[in-house]
Amino acid sequence: MERFKKLCTSRSFVLFLVIVLLFAVGTSRLFYFQILHGKEYAEKAQNQQLSDKEIEARRGTIYDSQGNVLAQSATVYNIFIDPSHIDDNNRTVIVDFLSGVLEYDNDDRQKLVEKTQQEGQYVIVERKVEYKIRKKIAEFMADDNNRKYGLNNCIGFEETTKRYYPYGTLASPVLGFIGSDNQGLEGLEAYYDDELSGVNGRIISVADAVSKSISDEFETTIPAQDGNSLVLSLNSSIQHTLERELQDALEEYDAKGTYGVVMDCQTGAVLAMASLPGFDCNDPRTVIYEPYLEEIREEADENKKAELESAYVQKQWRNFTVSDTYVTGSVYKVFMSAAGLEENIVSLNTTFNCTGSIRVEDYIMNCHYHPGHGHENLTQGLGNSCNPFFITIGQKMGVHNYFKYFDGFGFTERTGIDLPGEASPQYYKENQYGIVELSSASFGQTNNVSPIQMCTALCAVANGGTLLKPYIVSEIKDADGGTISKTEKNELKQVISADTSQKVLQMMKAVVDTGTGKNGYVAGYNVGGKTGTSTKLGESKPGEKDKYIVSFSAIAPVDNPRVAMIIICDEPNQDLGGGAICAPIAATVMKESMKQLGVEPTYTDDELKALSVQTPSVSGKDKSTAKAELEAAGFSVKVVGNGKNVAKQSPASGIEIPRDGMIVLYTESDSEQMVEVPDFTGLTIAEANRVAATSNLNIEIAGNDSSSALVVAYKQSEEYKSKVGIGTVVTVTFKSTQAALD
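Residues numbered from 1 in each chain as written. Predicted model: local features only at pLDDT ≥ 70, side-chain atom pairs only at ≥ 80, totals over all residues. Heavy atoms only, no water.

### Concerning the packing of aromatic side chains
- Summed over the entire model, instances satisfying the criterion amount to 24 aromatic pairs.
- Measuring from ring centre to ring centre gives 4.9 Å for Tyr 289 and Tyr 292, while their planes differ by 90°; the resulting arrangement is edge-to-face. Accessibility classification places Tyr 289 together with Tyr 292 in one group, the buried group.
- Ring pairs connect the aromatic residues Tyr 332, Phe 335, Tyr 402, Phe 403, Phe 406, Phe 409, Phe 411, Tyr 427, Tyr 428 and Tyr 433, which therefore count as one cluster.
- Against the face of Tyr 77 rests Arg 134, its NZ or CZ located 5.1 Å from the ring centre.
- The ring of Tyr 714 carries the charged tip of Lys 735 above its face, separated from the ring centre by 4.6 Å. (Phe/Tyr/Trp six-rings, centres within 6.5 Å; stacked < 30°, edge-to-face > 60°. Buried < 20%, exposed > 50% of the residue type's maximum accessible area, 1.4 Å probe, protein only. Lys NZ or Arg CZ within 6 Å of the ring centre and 35° of its normal.)

The following block contains the structure:
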């Protein structure tokens, strides 16, 4: 009995020790989990029990001034998989299908296989896919034959957004683009990122131990707040015309770049802004300019090739009109004229005798016209772009007054336009000028300013002398379309008087009518302009051909200005000035600008005589009667076919045609005759008219309509060798090839 008691006591003691030990272990574990790592494991438990998904806010839309969408976010989907539900029974089915629908190559397919083998319950397969792909995947998962694989637990979708730019390259350096996280990286997308972004929402729901949702009643949704939208001052039609013309010049002259700014000179609103070469906002990291691509392809070293490609990608993003500066050249003579008149240093009657050069201390400063212009008044001096004349004006004005107007027109500080990366001007301070620097600056050398500064200053000359702050966003709207803010006209200061403004405008008109800017002429609108050429002294090497920037400024109509613009061509491959290269661009863009703003043309008697008229309708009439009516109206007539009545006419009724143009009457509906379009390039107006008549075509003259032998065709509306019906109107554009590097 005693032995039994001892055994029981021993066993009880052992049991007690075991219990104590287990209690100690349990207590230690509790201390470890609840005290030492309580916060960490509480978070893990919460993460397993709570599902927290982000609802991406839709980025605001960007519109042009006419309501056209320039940038918009649309719903797309992220495709993800849950590897915890993928095994050897369904892995091949999933990989084969997704690889096919997502068009994966072998490398991408192998990466997908690896993703299916990862740990976790959420692995992204593909981001931002279109609805059509999501639909294909959903249909595959719902197919009765595939239900056995449990695909609903393996593949999932989540809604997100993707940024689209419907016009691709249009205004690309202005609009910019966004990154993969929907953050604005360049242009307006970056500058107005806070306005456009919105605030993401969340869906918080309770989940069970295997992360499946328990019930909707435990779900909390915090809605996303969509971003605000921007309404720009840009007009897409003007923008398109500007870019098309700049692109043609970029290619024709193999230039480093072509740039342009068009502004409403009464408000400061930017109507168009372009820096070429540009990029496609939908694919901003791809180089699209062919000369860049050719250079990249020719580079054999892969590392250098990658560096070159990266450099060109960065370059195509850059908005030269805002982020870079250049030496203005003779366009600055517009502001020298204004300053001289305002300070009564010169008048319209002031004369000067240009001998072709002028001595300034130890330097001989030449006029671009080396023989000299002889005696000329101020208007003629601006029209001739005479350097010695304006050097003399600058010397009479003195450093203090020169700098007073240089500062007054806004050239000493940024404009404050609502775009990122605006460059600071590079200029001589007032105390840095000597007589040589002052003389050089007086005809547009020495100082560097940005194109947006130049165009803003031109607006001041045009609108009666008031310097305005330029802007590109005219209105901000909330997600419901309500107006949050509107940009108001911001008058900064009065620089010159209205009287001086009018005098300078008339002088600029003379530049286009009789001076170096004849290619800026637009029938029906009194265009004022000024040509410019500046030597890139820092980049031109001894013994090599000088590098130039050529430009043309324009204001119209000079009697009631609405538009100011600057057109620039950087390093053209021919020694042609702004009058030959940039003025024709300005004329085309100005014509479109006047049309878009609803400015009606006012024609002179000579312009009225040269105007095209609409063809009258004679279809269905007796061919003899129709022929007599048209000839009485001044048209020449060609009858084709043996029928009695007119079945068809070419050009059709209502089409613009020269007053003495040809109309073809077809008396049989299937008897239309075709002709091959000739090449009008390089022909004078008289020669082009003869070629058109020989080809049974009508031509409409556009651009410089001078009969000078130096005025030749450079563009035509119908391609060379294309087939058109006889009588078709081909618009042929002419320009002067006279090369004044002024």
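Next, the rest of the story.
### Some points on the sheet that holds strand E28 (residues 662–666)
- On the basis of which strands lie adjacent, the open sheet formed by 3 strands has the order E25-E28-E26 and mixed pairing. Sheet topology places strand E25 (636–640) and strand E26 (648–650) at the edges, where each strand pairs with a single neighbour. Mean inter-strand twist for the sheet, computed between neighbouring axes without regard to direction, equals 20°.
- Pairing analysis gives 5 bridges linking E25 to E28, with the strands arranged parallel. The residue bridging Val 637 from the neighbouring strand is Ile 663, located in E28. (Pairing = 2+ DSSP bridges. Helix = DSSP H or I, 4+ residues; strand = E, 2+ residues; numbered from the N terminus. Axes fitted to C-alpha atoms, helices over the stretch in contact; angles between N-to-C directions.)

### Quick word on the environment of Tyr 363
- With respect to the helices, strands and loops of the structure, Tyr 363 is situated in strand E14 (residues 363–366).
- In sequence terms Tyr 363 and Gly 725 are 362 residues apart; their C-alpha atoms lie 62 Å from each other.

### What about unusual backbone geometry?
- The omega torsion across Leu 276 and Pro 277 is 5°, close enough to zero to call that bond cis.
- With respect to the helices, strands and loops of the structure, Pro 277 is situated in the loop between strand E10 (270–276) and helix H10 (290–298).
- Across the junction of Ala 556 and Pro 557, the peptide omega takes the value -20°, indicating a cis bond.
- Within the fold, Pro 557 resides in the loop between strand E22 (548–556) and strand E23 (563–570).
- We note that Glu 103 has phi near 60°; this positive angle belongs to a residue other than glycine.
- As for its position among the elements, Glu 103 is in the loop between helix H3 (91–101) and helix H4 (106–116).
- The exposure class assigned to Glu 103 is exposed, which follows from its relative accessible area of 71%.

### Points about the environment of Lys 128
- Note that Lys 128 resides in strand E4 (residues 123–129).
- Lys 128 gets classed as partly exposed once you look at its relative accessible area, which sits at 23%.
- Along the sequence, Lys 128 and Lys 723 sit 595 residues apart, while their C-alpha atoms lie 45 Å from each other.
- Look past the residues within four positions of Lys 128 in its chain and what remains in contact with it is Glu 56, Val 76, Tyr 77, Asn 78, Thr 160, Thr 161, Lys 162, Ser 180 and Asn 182. (Contact = heavy atoms within 4.5 Å.)

### Structural notes on the pattern of salt bridges
- For the structure shown, the criterion picks out 23 salt bridges.
- One salt bridge connects Arg 59 with Glu 189, and the closest N-O pair in it is separated by 2.9 Å. Of this pair, Arg 59 sits in the loop between strand E1 (50–55) and strand E2 (62–63) while Glu 189 is found in helix H7 (residues 187–191), placing the two residues 130 residues apart along the sequence.
- Under the relative-accessibility criterion, Arg 59 is labelled buried at 4%.
- Residue Glu 189 is classed as buried on the basis of its relative accessible area of 0%.
- Residue Lys 627 pairs with Glu 631 through a salt bridge whose shortest N-O separation is 2.6 Å. Here Lys 627 and its partner Glu 631 are both found in helix H22 (residues 623–632), 4 residues apart, which amounts to about one turn of the helix.
- Each member of the salt-bridge network shares a partner with another, and the members are Arg 59, Arg 163, Glu 189 and Asp 193. (Salt bridge = Lys/Arg side-chain N within 4 Å of Asp/Glu carboxyl O.)

### Description of the pairing of strand E3 (residues 69–81)
- Looking at chain direction, E2 and E3 are connected through 2 bridges and run antiparallel. Within the sheet, the bridge partner assigned to Ile 62 lies in E3 and is Ala 71.
- Here E3 runs beside strand E5 (residues 155–164); their pairing, made up of 10 bridges, is antiparallel. When the sheet's bridge partners are listed, Ser 73 is paired in E5 with Arg 163.
- Where E3 meets E4, 4 bridges bridge the pair, whose relative direction is antiparallel. Bridge pairing in E4 places Tyr 77 opposite Val 129.

### Looking at the environment of Asn 353
- Within the secondary structure layout, Asn 353 lies in strand E12 (residues 351–354).
- What makes Asn 353 partly exposed here is its relative accessible area of 37%.
- Separated by 221 residues in the primary sequence, Asn 353 and Lys 132 have C-alpha atoms spaced 75 Å apart.
- Here Asn 353 is in contact with Gly 374 and His 375, once residues within four sequence places are set aside.

Read these as spatial facts, not as claims about activity.
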